[in-house]
Amino acid sequence: GESVGLHLPTLSVQEGDNSIINCAYSNSASDYFIWYKQESGKGPQFIIDIRSNMDKRQGQRVTVLLNKTVKHLSLQIAATQPGDSAVYFCADPEPRGGGNKLTFGTGTQLKVEL
Amino acid sequence: DVKVTQSSRYLVKRTGEKVFLECVQDMDHENMFWYRQDPGLGLRLIYFSYDVKMKEKGDIPEGYSVSREKKERFSLILESASTNQTSMYLCASSVTGGEKLNTEAFFGQGTRLTVV
């Protein structure tokens, strides 16, 4: 029979529009965050990072906003292009044992409509 | 360029077999990771290693073990493969230290394992 499982949160945007992808974190001691992009059939790739002493960081067409009060991150993509279609993950490195443990959320699927 | 290489892109194994997934990185990174990725569940950490012979369980270690005898190589072992271990497995590495807590993690292309 048909199986029903969890669905990845999906954001559909029109080409040329701005995209906003959100991420919540739980550890109030977290002080460094990373966004990754995973295209179909590939491993995740780094997009941009931000430290907790910043509220905003800009890259090329991407901006990350950090709201420590509500423990929320957002990734904004300006003028979204078809090549931006991917799954986006935020990550929160945690110092452990002299190294850094890296865990991810479920991700958000961004679909760009032409 | 950093390179993280996983030994196989696709693998089919039988239930009960012992399976080894190998990962090699060429940038002298301290941290190495094994994740599995399933539809709707994102990337889930299986095991993490921050140094040779050092390992720490991730969120879903049951049914898996790991080995890190050399800094560049991190192996994931399925002692007795089961059908619920059919998944995409991703290896990653990163460096520790410096002002940043963690620089970016570099991922391999993944191994799609099917257990029949």
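Bear in mind that the values here come from a model prediction, so they are computed numbers and not experimental data.

### Describing the overall build of chain B
Helix and strand content of chain B: 0 helices and 11 strands. The linear arrangement of helices and strands in chain B, starting from the amino end, is β-β-β-β-β-β-β-β-β-β-β. The C-alpha radius of gyration of chain B comes to 14 Å, within 12% of the 13 Å expected for a compact globule of 116 residues. Along the first, second and third principal axes, the C-alpha atoms of chain B reach 45 × 30 × 25 Å. By residue count, 48% of the 116 residues in chain B fall in the buried class. Considering only contacts in chain B between residues 6 or more positions apart, those separated by 24 or more positions represent 55%. Accessible surface, chain B: about 5600 Å² in total, of which carbon and sulfur atoms supply 49%. Placing the 16 positive and 16 negative side-chain charges of chain B at their respective mean positions leaves the two points 7 Å apart.

### What about unusual backbone geometry?
At Arg61 of chain A, a residue that is not glycine, the phi angle is positive and equals roughly 65°. Following the sequence through the fold, Arg61 of chain A ends up in the loop between strand S5 (56–58) and strand S6 (62–67). The backbone of Asp28 of chain B sits at a positive phi, close to 60°, despite the residue not being glycine.

### Remarks on the sheet that holds strand S8 (residues 73–78) of chain B
Residue and element names in this part refer to chain B. Here we have 4 strands laid out as an open sheet, ordered S1-S3-S8-S7, and antiparallel in their pairing. On the outer flanks of this sheet lie strand S1 (4–6) and strand S7 (64–70), each paired with one strand and no other. Each strand axis lies, on average, 20° off the axis of its neighbour in the sheet, ignoring direction. As paired elements, S1 and strand S3 (residues 19–25) share 3 bridges and run antiparallel to each other. Counterpart to Thr5 in the pairing with S3 is Val24.

About the criteria used
Residues numbered from 1 in each chain as written. Chains lettered and ligands numbered in written order. Predicted model: local features only at pLDDT ≥ 70, side-chain atom pairs only at ≥ 80, totals over all residues. Heavy atoms only, no water. Helix = DSSP H or I, 4+ residues; strand = E, 2+ residues; numbered from the N terminus. Rg over C-alpha atoms; globule rule 2.2 N^0.38 Å. Buried < 20%, exposed > 50% of the residue type's maximum accessible area, 1.4 Å probe, protein only. Contact = heavy atoms within 4.5 Å. Areas by Shrake-Rupley, 256 points an atom, 1.4 Å probe, with all protein chains shown as cover. Lys, Arg positive; Asp, Glu negative; His and termini not counted. Charge placed at Lys NZ, Arg CZ, Asp CG, Glu CD. Pairing = 2+ DSSP bridges. Axes fitted to C-alpha atoms, helices over the stretch in contact; angles between N-to-C directions.

Nothing here speaks to function; it is geometry throughout.
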